[in-house]
Amino acid sequence: MDIPALQKIVVQALEDIKARDIEVIDTARHTPLFDRIVIASADSGRQTRALAHNVQDKVKSAGGEVLSTEGEESGEWVLVDLGSIVVHIMQPAVRSYYKLEELWGHAPASPRPAAGR
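Residue indices begin from 1 for each chain and proceed along its sequence in written order. For this predicted model, a pLDDT threshold of at least 70 governs which residues receive local features, and a threshold of 80 or more governs which side-chain atom pairs are given and counted, while totals over whole chains, interfaces and linings are taken from all residues. Derived side-chain values reflect all non-hydrogen atoms in the structure, with water molecules and hydrogen atoms excluded from consideration.

Peer 1: So, unusual backbone geometry: which residues are in play, and what are the values?
Peer 2: One non-glycine residue, Asp21, lies in positive phi territory at about 50°. By the criteria applied, helices consist of DSSP H or I runs no shorter than four residues and strands consist of E runs no shorter than two, each listed in order from the N terminus. The topology assignment puts Asp21 in strand β1 (residues 20–26). One non-glycine residue, Lys99, lies in the positive phi region at around 45°. With respect to the helices, strands and loops of the structure, Lys99 is situated in the loop between α3 (92–98) and α4 (100–104). Burial classification: accessible surface area is computed with a 1.4 Å probe over protein chains only, and a residue below 20% of its type maximum counts as buried, one above 50% as exposed, and the rest as partly exposed. Overall, the relative accessible area of 39% leaves Lys99 in the partly exposed class.

Printed below as a string of structure tokens:
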């Protein structure tokens, strides 16, 4: 599956379960390990797990592959590895502490319109 199609599936899966502050960061020029990072916030451990499961289900339904997941036990930060895209679903306190957006130091890969447009 190509990266734009996979990215669209991931973002839609996150929006379906009301993830907040979704950001897509293009990392293709900075690491050979993956091409995008998607970061989203969730209000509770239950929501982070639900978001991660929805991403996995939607990707698999579209014929994509989920390589691994981490962090579902605590639900504070769940990582879903899709190979070319790594999805980080975090509770606000964890996201604010680690500041992954600042770590990569780049603007989102593409501006996303507000939901409903």
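Peer 1: Pulling in residues and values, what's your account of the packing of aromatic side chains?
Peer 2: Between 30 and 60 degrees the pair is tilted, below 30 it is stacked and above 60 it is edge-to-face, where a pair is any two Phe, Tyr or Trp rings, Trp via its six-membered ring, whose centres lie within 6.5 Å. This model, assessed by the stated rule, comprises two aromatic pairs. Their ring planes at 55° and their centres at 4.9 Å tell us that Trp77 and Tyr98 sit as a pair that is tilted. Of this pair, Trp77 sits in strand β4 (residues 77–81) while Tyr98 sits in helix α3, and the two are 21 residues apart along the sequence. Ring centres of Tyr97 and Tyr98 lie 4.9 Å apart, and the angle between their planes is 85°; on these two criteria the pair is classed as edge-to-face. Since its relative accessible area comes to 64%, Tyr97 is described here as exposed.

Peer 1: Any chance you could break down the confidence of the model for the chain for me, citing the residues and the numbers?
Peer 2: pLDDT is a residue-level measure of predictor confidence that goes from 0 to 100. With 90% of its residues at a pLDDT of at least 70, the chain reaches an overall mean of 90. Element-level mean pLDDT values for the chain span from 85 in α4 up to 98 in β4. Ignoring residues within four places in sequence, the model shows residues 107–111, a span with pLDDT below 50, making nine contacts including any to other chains. Contact definition: two residues touch when any of their heavy atoms are within 4.5 Å.

Peer 1: Quick rundown of the sheet that holds β4? Include the residues and the values.
Peer 2: Should DSSP find at least two bridges between two strands, the strands are taken to pair. Pairing within the open sheet is mixed, and its five strands lie in the order β1-β2-β5-β4-β3. Sheet topology places β1 and β3 (68–70) at the edges, where each strand pairs with a single neighbour. Across the sheet, the mean angle from the axis of one strand to that of its neighbour is 15°, orientation sign disregarded. Here five bridges tie β4 to strand β5 (residues 85–90), and the two strands are oriented antiparallel to one another. Fitted lines through C-alpha atoms give the axes, limited to the stretch in contact for helices. The angle between two N-to-C directions lies from 0 to 180 degrees.

Peer 1: Can you lay out the pattern of salt bridges for me, pointing to particular residues and giving the numbers?
Peer 2: Any carboxyl oxygen of Asp or Glu that lies within 4 Å of a side-chain nitrogen of Lys or Arg is treated as forming a salt bridge with it. The full count for this structure, using the stated rule, is six salt bridges. As a salt-bridge pair, Lys58 and Asp16 come within 3.9 Å of each other at their nearest N and O atoms. Linking Lys58 in helix α2 (residues 45–61) with Asp16 in helix α1 (residues 3–16), this pair joins segments that are 42 residues apart in sequence. Classification of Lys58 as partly exposed rests on a relative accessible area of 38%. Judged by relative accessible area, Asp16 falls into the partly exposed class, the value being 36%. Between Arg20 and Asp43 there is a salt bridge, with its nearest N and O atoms 2.6 Å apart. Here the residue Arg20 occupies a position in strand β1, and Asp43 occupies one in the loop between β2 (36–41) and α2, the gap between them amounting to 23 residues. Under the relative-accessibility criterion, Asp43 is labelled exposed at 51%. Members of the salt-bridge network, linked through shared partners, are Arg20, Asp21 and Asp43.

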